[in-house]
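# Coordinates in review
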Amino acid sequence: MSVSSLKPSVDDTFYEYLTLNLSKVLNSVPRITNVQCEKRYPCEAGQIATWEQRHNVYLPDDMKRFYLSTDGFTLFWSYQYSPNDTRRVGYINIPQICHVTLLREKIECLMNAQNTPTSGASKGDAPNLCVRSKIFELSNICDIAKVCLIYESPDLSNPKIFLLELSTLKWTFLAETFTEYLRMTIAHLGLPYWELCFSNCGLPSWTEQLFLLLAPHLLEKSEPRRSKIWQNVPEQPPFNVLDPSIFRTKPKCTRQSQKMRQN
C-alpha cells in the first residue's frame, strides 16, 4: 500500500473540520461502533437562489456557506449493549436544502398558542410571530417536537432556531445562528433526541440512559442548560470554535466532473 493511499482525501479532511473530528472522538469511546458519515455534493449557487426566491427570504451567510460546501450531511453510529446486541442510535442529520420546508401547521394556531399563558413558560424564549413570519422545519423529533428555523419577518436575514413541542405548541429557544446549532449538535455527540434536553417533556428513559453512560455532564442540572454547554471546563470534552471559513475549503465538484474522474 502506498503512502499516498494512507492520506485522507480532501472530502475526508473537510468533514473532519466540519464535525470538529467527532468521528475520531466517537471511535475512541468504548462500545460505540460503525461510525459513518454520509457525504453529499455541494449545492449550486442557483439552487440556493431558487430556494430563496421560492420562499421570499435570504439564507443567513453561515448557512449559505455551509450549503455551498455540502448539501447537508448525515453522521450515525451504533452502540453495543451486549456482545450480541448492537443498535444504531446516534444520529446527526442536517437536511438537504430542498428538504428545508415551510412548517405545515397554520401560523395563526401557533400565534394563538404563543399568546395563551402557560405555567412556567418564559415569554422571552418564544419567537415574536406575526402573519408575515416564516417557519421552516429542520428536523422532526419522532413526532414529539420539531426543530424550526424562524424568520420573525421576511425582511430580516438573521433567523433563529427554536424547538416546537407538538403536544403543547410551546416554543423553546435553541440557537442564535445555524453555526451555533451545528456546534450544539456536535457537542451532544449525535445522541438521540438531544434537543429534548431543553424541552418540558424531557428525554425518553432509554435516551437518558445513553446520556448517563456516554455524556453525563450534559444532564447536570446545577446550572442552566445552555450556559453549561458553552462553559469552558477542563474536565469536560473541549468545544472548539467552528470557523465559518472552513465552508470555503472544499473545491467545487460537479457530478459531471466526478464521473469523468471515476472513468
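Description of the structure in this document. (Residues numbered from 1 in each chain as written. Predicted model: local features only at pLDDT ≥ 70, side-chain atom pairs only at ≥ 80, totals over all residues. Heavy atoms only, no water.)

Tallying secondary structure elements over the protein chain gives 10 helices and 8 strands in all. A fraction of 57% describes how many contacts in the protein chain between residues 6 or more apart in sequence connect residues 24 or more apart. Here the protein chain has roughly 14600 Å² of accessible surface; of this, 51% comes from carbon and sulfur atoms. (Helix = DSSP H or I, 4+ residues; strand = E, 2+ residues; numbered from the N terminus. Contact = heavy atoms within 4.5 Å. Areas by Shrake-Rupley, 256 points an atom, 1.4 Å probe, with all protein chains shown as cover.)

The subject of this paragraph is the sheet that holds strand β3 (residues 85-94). As summarised here, the arrangement of the 3 strands in space is β1-β2-β3, forming an open sheet in which the pairing is antiparallel. Edge strands, defined here as strands with exactly one partner in the open sheet, are β1 (32-38) and β3. Between one strand axis and the next, the sheet turns by 15° as a mean value, whatever way the strands run. Relative to strand β2 (residues 73-82), β1 runs antiparallel, the two being bridged by 5 bridges. Counterpart to Q36 in the pairing with β2 is F76. (Pairing = 2+ DSSP bridges. Axes fitted to C-alpha atoms, helices over the stretch in contact; angles between N-to-C directions.)

This paragraph deals with helix α7 (residues 178-187). Burial analysis of α7 places 9 of its 10 residues in the buried class, the great majority of the element. Among all positions in α7, only F178, T179, E180, Y181, L182, M184, T185, I186 and A187 are buried. Downstream of α7 by a residue or two, L189 has a phi angle that is positive, lying close to 65°. (Buried < 20%, exposed > 50% of the residue type's maximum accessible area, 1.4 Å probe, protein only.)

Taken as a whole, this structure holds 14 aromatic pairs when the rule is applied. Aromatic side chains Y15 and F73 sit 6.4 Å apart centroid to centroid with 65° between the ring planes, which places their arrangement in the edge-to-face category. Residue Y15 is found in helix α2 (residues 10-18), and its partner F73 is found in strand β2; the two are separated by 58 residues along the sequence. Neither residue differs from the other here; Y15 and F73 are each classed as buried. With a centroid separation of 6.5 Å and an interplanar angle of 35°, the aromatic rings of Y67 and F178 are classed as tilted. Taken together, the positions of Y67 in helix α5 (residues 61-69) and F178 in helix α7 put the pair 111 residues apart, joining distant regions of the chain. Overall, Y67 belongs to the buried group, its relative accessible area being 0%. Residue F178 is classed as buried on the basis of its relative accessible area of 3%. An aromatic cluster of three or more residues is present, and its members are F14, Y15, F66, Y67, F73 and F178. Between R87 and the ring centre of Y81, over which it is positioned, the NZ or CZ distance is 4.9 Å. (Phe/Tyr/Trp six-rings, centres within 6.5 Å; stacked < 30°, edge-to-face > 60°. Lys NZ or Arg CZ within 6 Å of the ring centre and 35° of its normal.)

A separate point is the pairing of strand β8 (residues 170-175). Of all 6 residues in β8, 6 are buried, a share of seventy percent or more. As judged from the 5 bridges shared by strand β7 (residues 160-165) and β8, these two strands associate in the antiparallel manner. Bridging from a neighbouring strand, I161 pairs with A175 of β8. Counting the residues in the hairpin turn of β7 and β8 gives 4 residues, including L169, whose phi is positive at 55°.

On to the pattern of salt bridges, then. In the structure shown here, the tally under the stated rule is 7 salt bridges. E137 serves as the salt-bridge partner of K146, at 3.3 Å between the closest nitrogen and oxygen. When sorted by exposure, K146 lands in the same class as E137, which is buried. (Salt bridge = Lys/Arg side-chain N within 4 Å of Asp/Glu carboxyl O.)

The subject of this paragraph is helix α8 (residues 205-214). Of all the positions in α8, only T207, L210, F211 and L214 are classed as buried. Seen end-on, α8 carries its buried residues on one side only, within an arc spanning 100°. Exposed and facing more than 90 degrees away from the buried side of α8 are S205, L212 and L213. Check the buried side of α8 and you find it contacts β1, β2 and β3. (Arc of directions from axis to C-beta.)

In terms of nonpolar packing, the biggest core is built from 53 residues, with Y67, F73 and W77 touching the most fellow members. The element best represented in this core is α7, accounting for 5 residues. Core analysis: the second largest hydrophobic core is formed by 9 residues, C148, I150, F162 and W171 among them. (Core = buried A, V, L, I, M, F, W, Y, C linked by side-chain atoms within 4.5 Å.)

A few words now on the sheet that holds β8. Strand order in the open sheet made by the 5 strands is β4-β5-β6-β7-β8, with antiparallel pairing throughout. Where the open sheet ends on each side, the last strands, each with one partner, are β4 (101-102) and β8. Here β4 pairs with strand β5 (residues 134-141) via 2 bridges, running antiparallel. Within β5, the position partnered with T101 by the bridge is E137. α7 rests against β6 (145-151), β7 and β8 of the sheet, and its axis sits at about 90° to β8.

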